[in-house]
Structures are given as C-alpha cells and as structure tokens.
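# Residue-level structural notes
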Amino acid sequence: MCAPRRRGALGLRELHAPSVLRGGLEDAPLRIRGAARLAPARPRDRPGRLRCAPHADRDRGRAAARGAARRGHALQHPRRAARGLRTGFGCRARWISRRAAGPRSGHGGSVAGDRHAGRRRWIGRGDPRERRIGRVGKRCRRARGLRAAREHRGRPGRTGGRCGGRHRAGTRPARRLWGRRDRRPLHHRQRLQGRARVSITRPRDIRGYRRVPRRIRGGPVVSVTVRLATPLRAAAGGNATLSFDAPDLATLTREIAVHYPELAARVLRDGEFGRFVNVFIDGEDVRFFSADGDLSGKRTVEILPAMSGGAVAPLPEQSARREHEVFGSFIDETIGIVARQTRDTVSFAVGSPSREALELVGADDLTATVLRREGASALGYGITEGEPELREVVAAGASARGLETDASDVLISAGALQAIDLACRVYLRPGDAVVVESPGFANALSAFRNHGATVLEVPVDGEGLDVGEASRLIRRSGARPRMFFVVPNFQNPSGETLSLGRRESLLALAAAYEAIVVEDDPYGLLRYRGADLPPVASLGSRVDVVSIGTFSKTFLPGLRVGWAIASTDTIRRMAKVKQTMDSSTGTLAQRIVLEFHRRGGVDAHVGRLRELYRHKQDRARTALAREFAGTGVTWNDPDGGFYFWVRLPHDVDARRLLDVALEEGVAFVPGQAFAIERDHSNALRFSISGPSPERIDEGVRRLRRAFDRVA
Ligand SMILES: Cc1ncc(COP(=O)(O)O)c(C=O)c1O
C-alpha cells in the first residue's frame, strides 16, 4: 500500500502540512495514498470536478499531446508523448521524463542527462514544500493509477508510487514502479472501478487542492502486512501477502471481510479469526494479544491453518458455486463396474465388438504399414472434415446402402458419439424439445440434456419408435420438437428395427414440425436375417436428416472414427463446432481405417462379423430359452445387432438383480439406464457381442442363479 507505515515514519505531514492540509484539515493524518486515490484533483479545465486517475496507456499519449499543446510545444509523436509522465498537483499537466521520475529527481528534476529539464516547469505553486508534496501526491495517484482496484491486492512490493519508496526510507526507487507501469497497462475493470470511486466522492475540493477524504480523517494510521499460508492464498487471489490500514484487529477483520470475502469465509467466523486458523501478530499468538486488539506499532499478521483442530474451514454453502447438472451414461459406468470385479464375470453389459472380432482386423499390421509408409505425417493434425479419401469411402458406403452421398457431405467424427454431439451443437438451443425412443440410447439422451434440451420419450415396440404415439405425445405436451432421434436398425438397447412404414411416417411427422431427424445407425451392417431397410435419410427430401455412422462396431471402437452425413451447409457448421472440440479426428486412426479399406475385403470382413454375431445371438437365444423357461422372463427376437431386451416379472427390479448378478459373476445394463422418466426398471439390456458362445451359456446360467435369488 502506498499509505505510510506509521504516521511518525512518514514525516511529510509535519514537513508539508500547509500544502497537504490546505482544506483546513490540520489535524487529519496524512494519507498520501488515500489522498492520491480520491484526490479531487481539478481537471484541466473544470475546477471542482473530480478526476479519475488516468489510465496508463489510454491517457498517456492523449494527455501528453494536450499538455504539450498547452505549453506551446509542438505536439510530440504519440509514442514519445506516451513515454512522458504527466505530473502536477491537480492543476496543470506537466511532464517529467521517465528518468526524472526517480527519487533523485525530486527537486525540480535537475537530473544529469535529463533532456527535458529545461522544458520542465515547477511542479507546485512555487513553494518547494508544495512542490514536493504535489509530486508525491500526484505520483501516488498516477503511479497507482486506480488504486482502488489494486491496493487490496496486497502486494507489498507495490505499496505505492513514490510514497511507497519515500515513506519507507528508500526501500525501492519509484522509477522501477514506473517501468512496471509502463509495461503493464491497467485492466479495463480497474479503470471502471477507479471511475466509480471518483464519482461517488463529493466534488468539494477548494481550488484544486487536495483534501484528505472524509473516510480517512482522524485516528492514527496503522498499516499491517498480512502474510498468508499457502493453502489460504487461493482465497486471496493467489497473494502471499496483503496490506491493510487497520489500527486494530476489529478493523483488520472487517477489511478482510470487505475486500477478500473468500478469504474471510475461510479464516473468519462471526467477524473474528476462527479457531481453525492460528494468527500471529509480530510473532505473538493473537490469543494472548491485547484485549483491545490495538495494532499500532505492529507490522505483520500471519495467518496459518491450525495444526490441530482440522483444516481451514470449508467455504460456507452459499458462497460455493453451484454447478449445473451434467449427465453421463450408465452403460459406460458398467464397463468400469465390470472391470472392478475381482471374480470372473461374464459381461452382457457392453456393446463392444468381441475380442475375436477385433483380432480379425489385423490392427498391428495396418498400423505398422501406415506408420512405415507415412511416418510422422500420420501423426499430425488433419483436416477438420476428415481425410478426403476416407470421406470418399464413407460416401461410397452410404450410396451403396441407398443414400446417394457426395464426399463433401461427409464429416469424419470422433465416433458416432461425437457426431451426435455435433448435431446437438448445430441444431439445439436450451429448451428445445427432442423426441427420442424409449428405451433409448443412454449416451444420446444425456447429450440432449447436456445441451439443455427437453427430452420427449416415446415408446418403442416391435416396429421401433411408435410414431403415432409420438404424434400424440407431442400434441399433448404442447412442445414443438426441434429434433427426432432414432437408432433405426437393431436399436440400442431394445434391438428393435424401425419398420419402413414408420420411417416414412417419422419423416412426415418431422416435416410437420419442420424438425430435423438424426438417424444413428451403428448396427445396420450387422443384420443376420431379413432384408436391409433403406436409410431414413434416403426416403424423403422435405426434412433435414443427419445420418450418423461409425466404424466402432465393425472395425475398431478404440480408434474413435465415425461420421455424419448431412447437407453441405450442416456439414460446414458441424466442422466449425468440431474445430472447438478436437480440431480434427485423429489422423493415425483415420489412416488405419483407410488402409483397411484400401486393402479391400471390407465386405468379407463384415460378412465374417455377421457370422460371428449371428452365432452368438443364436446361442444366447437358446440359452435364455433354456434357463428362463417358465420364469416369467421374456425377451424379444431382433434380426441383427448386439442386443436383446429382456423383460423381468414386474416385481423384479433390474438394478437389484444386477447387484446379485455381479455376485454370481455376470453383468448386464439395467433398463432404467435407458430412460429419463419412463419406467424400465423391470427390463435389462442383454448384449451378446462380448462373450464367446461358451461363455454366453455360462453367463446365462449365472443370470438364472441371480434371478432365483431375487425373484
Ligand atoms: C446407437 C449407438 N450410437 C452410437 C454409439 C457409439 O458409437 P461410437 O463408438 O462410434 O461413438 C453406440 C455404441 O454403443 C450406439 O449403440
């Protein structure tokens, strides 16, 4: 702080009382810093008005130019003007060179080598005492700029402009401060605060002479440095020390409360230092300190978390920032739950390709080939929209399935999940309504909620999303849906497929509301029976459809490569938002996928996967039928994909069953994970993808044992 440490130490009032105290405040303690900060310095042309401290960068050049003009000097170059320092005492703007700003230049600036010495005028009103005070005051004010913002930052090294150095007997020459001020302009908020402070101060100065502000009149001024232990510094803006003018402990705690509420919350209780901190005043424990808490003559107050009595008090509830709720996916949680099991566990929980499916890919050879051939370039940043050749591959695949696509309408994403999120970012605003299947893909439901959308859950039946019911629910809710989200083939979690008729009526419904449709189709290629259905996006042109796909289920999920197909404009917008997420999908991952496609044989690979999963699906169907006959447990019969939707008797809760199932060594995802408000607590998702056929048998046996324990 700029304020004198002690009145006696200052010595300036005694020396220069006439000029400083011209406002008739003969008995007021001199507080150069306070006076400087609140100085009713007369503006250049309007006496009696308060002037806010000029901003180092903003005002310097301007003031310089004006000052020079007034003095009849030719205008300086703004840069050079800016280098000058405006000084004076609430009257004319005067200039001293930076070099003259040091303490040595305190007497009229007759500093050797001072180019401006001849041009410089006396600073005060003729009396050297005034000059000195004037310069001190001005320097304080000027140097500190808008002190209000800074003084309580508590950096003792910044305790003031000139007075900081002078009152403390040459602790630091002021010119260093100027150098620093030059380098670092004030933050605009500091400027604002400075203005605000000026404006509330009454413009009652007399002929431009500095008055000591009312609030600091009377009483001795005692400045103390508060040293903070490391754990407390974060609550004080990272400062290790703070300086306060406080004649006694009560004032000190009040000042802390006013200027550092966060720190106060951590060290004070009922306006006093709490028992959870140890406080030492000049080394003396505050508990043995004088009853009146008089701090005169004291220099430092140390605050440390108490060694006993626990840690520093936690922040009170009301000052804790309330974070908004965010949503995740219980599917992903179950991966962790299963991984943490210490006993052997058969997992029907994850919808990830099985180990043998991953091994079919030959990832090591693909990766080695890419790296050998392309070296470091395969590890650089990529184009946001994706590797051009991979976009071609995706477009060709979509066209083969009936969705005529150009590579420019493809964006390569970090998995289908990112594509869903990109669609949300492009289309949704908080409060928008999204119509989803129920049970629905948990991660997508959470994505919509994380984007502030309201989710309208529509039941799924044997033909997928019940579009008629969707229409009724929308009307009943009064919502105007912005987006319809479907997993059209072998839906996650139900395994159901949206029939052709429903696809068409979905588009009609979306068109009626001018909503967009997002179809997310990771499983379309994994059909084990029946004929493929056309993608929703291929069935009409009146509705914007975003078609999302992924290489996760047919290739390698860990590479995180998926895609979105949409109108060129939507792809452009998605690319923009992707640039704020990950810039581009991993280059190496994309090139490994590409290498796999370049080698040919993708269709054969997918054919092998179909065989693999068909076999597993059959095995699971048979095992379920064998183990759960006559139990009241039912399940559907999907034509592809990874999932069965298993319904339990109404008195069996799937979460409770999971607890017991984990004890038996088997896992699944309870139905409630796929809903927000709808009740799927008596259902579970049973994924066939992971375990081998033998393990499927074993897992279903264990599931039956668990069921018997809870049913
Ligand atoms: C319907 C659906 N969409 C998206 C995904 C995630 O795909 P990706 O791994 O490409 O992000 C899954 C994975 O389970 C899924 O079932």
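Placed above this text is the structure.
Described in the following lines is the structure provided in the data block. (Residues numbered from 1 in each chain as written. Predicted model: local features only at pLDDT ≥ 70, side-chain atom pairs only at ≥ 80, totals over all residues. Heavy atoms only, no water.)

## A look at the overall build of the protein chain
Put simply, the test is: Strands are runs of DSSP state E lasting at least 2 residues, helices are runs of H or I lasting at least 4, and numbering of each runs from the N terminus. Any residue under 20% of the maximum accessible area for its type is buried, any over 50% is exposed, and the rest in between are partly exposed; the area is computed with a 1.4 Å probe on protein chains only. Two residues qualify as a contact provided that any one of their heavy atoms is within 4.5 Å of a heavy atom in the partner residue. For accessible areas, the Shrake-Rupley method is used with a probe of radius 1.4 Å. Any residue's cover is judged against the shown protein chains and nothing else.
Counting secondary structure elements, the protein chain contains 26 helices and 23 strands. With 711 residues in all, the protein chain has 55% of them scored as buried. Contacts spanning at least 24 positions in sequence make up 71% of the contacts within the protein chain whose residues lie at least 6 apart. Summed over all atoms, the accessible surface of the protein chain reaches about 31,300 Å², with 50% contributed by carbon and sulfur.

## Details of the packing of aromatic side chains
For clarity, the threshold we go by: For this analysis, a ring pair means two rings from Phe, Tyr or Trp (six-membered ring only for Trp) whose centres lie within 6.5 Å, classed as stacked if their planes differ by under 30 degrees, edge-to-face if by over 60, and tilted for the remaining angles.
Enumeration according to the criterion identifies twelve aromatic pairs in this entry. Aromatic pair Phe348 and Phe686: ring centres 4.0 Å apart, planes at 25°, arrangement stacked. In this pair, Phe348 sits in the loop between strand E10 (346-347) and helix H15 (355-361) while Phe686 sits in strand E23 (residues 683-687), placing the two residues 338 residues apart along the sequence. Between Phe644 and Phe686, the ring centres sit 6.2 Å apart and the planes meet at 65°, which makes this aromatic pair edge-to-face.

## As for unusual backbone geometry
Note that the residue after Ser438, namely Pro439, is joined by a cis bond; omega there is 0°. Tracing the chain through its elements places Pro439 in the loop between strand E12 (433-438) and helix H19 (442-450). Of note, the bond from Asn492 into Pro493 is cis; its omega dihedral lies within 30 degrees of zero at 20°. Structurally, the position occupied by Pro493 is in the loop between strand E15 (481-486) and helix H21 (500-512). In the Ramachandran plot, Phe490 falls in the positive-phi region, its phi being about 50° despite a non-glycine side chain. Inspection of the secondary structure assignment puts Phe490 in the loop between E15 and H21. Assessed through its relative accessible area of 1%, Phe490 is described here as buried. For Ser583, which is not glycine, the phi dihedral falls at a positive 70°. Assignment of secondary structure puts Ser583 in the loop between helix H22 (568-579) and helix H23 (587-598). Taking relative accessible area as the criterion, Ser583 reaches 26% and is therefore assigned partly exposed.

## Brief notes about the packing of helix H17 (residues 388-400) against H23
So the rule is basically this: Between N-to-C directions, angles cover 0 to 180 degrees, with each direction set by a line fitted to C-alpha atoms, over the stretch in contact for helices. With respect to orientation, any angle under 35 degrees is reported as roughly parallel, any angle over 145 as roughly antiparallel, any angle of 65 to 115 as roughly perpendicular, and every other angle as oblique. By convention the crossing between two helices is left-handed if the near helix lies anticlockwise of the far one by an angle smaller than a right angle, and right-handed if it lies clockwise.
Put simply, H17 and H23 touch, their axes get as near as 10 Å, and they point 55° apart. One element, H17, and the other, H23, form an angle in the oblique class. Judged by the sense of rotation from one axis to the other, the crossing of H17 with H23 is left-handed. Judged by residue contacts, Glu389, Leu390 and Val393 of H17 engage Gln590, Val593, Leu594, His597 and Arg598 from H23.

## Remarks on the sheet that holds strand E13 (residues 454-461)
For clarity, the cut-off: A pair of strands is labelled paired if DSSP reports no fewer than 2 bridges between them.
Reading across the sheet, the eight strands line up as E11-E18-E17-E16-E15-E12-E13-E14 and stay open at both edges, with mixed pairing between neighbours. One side of each edge strand has no neighbouring strand; the edge strands of this open sheet are strand E11 (410-413) and strand E14 (464-465). One ladder, built from four bridges, connects E11 with strand E18 (residues 562-565); its direction is antiparallel. Bridge pairing in E18 links Ser413 to Gly562. Sheet strands touched by H17: E11 and E18. Its angle to E11, the strand with the most contacts, is close to 115°.

## Thoughts on the site of the ligand
The following threshold applies: Summary of the distance rule: residues count as near a molecule or strand when at least one heavy atom falls within 4 Å of that molecule or strand. Under this definition, polar contacts are N or O atom pairs within 3.5 Å; protein pairs additionally need one hydrogen-donor-capable and one acceptor-capable atom, and for neighbouring residues in sequence, both atoms have to be side-chain atoms. Side-chain classes follow a simple rule in which Ala, Val, Leu, Ile, Met, Phe, Trp, Tyr, Cys and Pro form the nonpolar group, Asp, Glu, Lys and Arg form the charged group, and the remainder, Gly included, forms the polar group.
Close contacts around the ligand come from 13 residues, with Ala416, Asn492, Asp520, Tyr523 and Thr550 the closest. Between an oxygen atom of the ligand and a main-chain N or O atom of Ala416, the distance comes to 2.7 Å. In the model, an oxygen atom of the ligand is placed 2.7 Å from a nitrogen or oxygen of the Arg560 side chain. In isolation the ligand exposes 400 Å². Once the protein is present, 92% of that is buried. For the shell around the ligand, the element with the most residues is helix H18 (residues 415-427), which contributes three residues. Residues belonging to the shell around the ligand are distributed by class as follows: six nonpolar, four polar and three charged.

## Digging into the pairing of E15
This is how the line gets drawn: By convention, orient the strands away from the viewer: a clockwise path from the first strand over the helix to the second makes the crossover right-handed.
With five of its six residues buried, E15 lies for the most part within the structure. Handedness of the crossover is the feature at issue here: the chain leaves E15, passes through H21, returns alongside strand E16 (residues 516-520), and the resulting connection is right-handed.

## Thoughts on the pairing of strand E20 (residues 643-647)
Among the five residues in E20, four count as buried, and that is most of the element. Two elements, strand E19 (residues 634-635) and E20, share two bridges in a ladder whose sense is antiparallel. When the bridges of E20 are listed, Trp635 appears paired with Val646.

## Here's the deal with H19
When you tally the buried positions in H19, you get seven out of nine residues, the bulk of the element. Those residues of H19 that sit buried are Ala442, Asn443, Ala444, Leu445, Ser446, Ala447 and Phe448. Elements that come into contact with the buried residues of H19 comprise helix H14 (330-340), H18, E12, E13 and E15. Phi turns positive, to about 85°, at Gly452, one or two residues after H19.

## So, the sheet that holds E19
In spatial order, the strands read E19-E20-E23-E22; together these four strands make up an open sheet with antiparallel pairing. Whereas interior strands pair on both sides, the edge strands pair on one side only; in this sheet they are E19 and strand E22 (669-670).

## Looking at the side chain of Asn239
Structurally, Asn239 can be placed in the loop between helix H11 (230-233) and strand E4 (241-245). Side-chain polar atoms of Asn239 contact the backbone oxygen of Ala236, separated by 3.0 Å.

## Some points on the pattern of salt bridges
Pairing between side chains of opposite charge can happen when the charged atoms of each approach one another. For clarity, the threshold we go by: The term salt bridge refers to a side-chain nitrogen of Lys or Arg lying within 4 Å of a carboxyl oxygen of Asp or Glu.
In this structure the tally under the stated criterion is 35 salt bridges. As a salt-bridge pair, Arg529 and Asp637 come within 3.2 Å of each other at their nearest N and O atoms. Separated by 108 residues along the polypeptide, Arg529 in the loop between E16 and strand E17 (545-550) and Asp637 in the loop between E19 and E20 bring together distant segments of the chain. Among the residues examined, Arg529 registers a relative accessible area of 33% and is labelled partly exposed. Here the salt bridges share partners, and the residues they tie into one network are Asp365, Arg373, Glu374, Glu387, Glu389, Arg591, Glu595, Arg598 and Arg599.

## What to know about H14
The following threshold applies: The arc in question is the one spanned by the directions pointing from the helix axis to the C-beta atoms.
Listed in full, the buried residues belonging to H14 are Phe330, Ile331, Thr334 and Val338. Seen end-on, H14 carries its buried residues on one side only, within an arc spanning 100°. Across H14 from its buried face, at more than 90 degrees, point the exposed residues Ala339 and Arg340. Structurally, H14 contributes buried residues whose contacts are with E10, H19, helix H25 (654-664), strand E21 (666-667), E22 and E23. Where H14 begins, the side chain of Ser329 points an oxygen toward the backbone nitrogen of Ile331, at a separation of 3.1 Å.

## Some words on the nonpolar core
Among soluble globular proteins, nonpolar side chains are generally buried collectively. Applied cut-off: Side-chain atoms within 4.5 Å are what join buried Ala, Val, Leu, Ile, Met, Phe, Trp, Tyr and Cys residues into a set we call a nonpolar core. Boundary definitions for the domains trace back to an automatic or database domain assignment.
Phe448, Phe485 and Phe686 are the most contacted members of the largest nonpolar core, which totals 79 residues. Top element by residues in this core is H18. It accounts for eight residues. Shared between two domains, this core holds at least three residues of each, these being domain 3 (330-356 + 605-710) and domain 4 (364-599). Discounting chain neighbours no more than four positions away, the residues touching Phe686 are Phe348, Ala620, Leu624, Phe642, Tyr643, Phe644, Val646, Val700 and Leu703.

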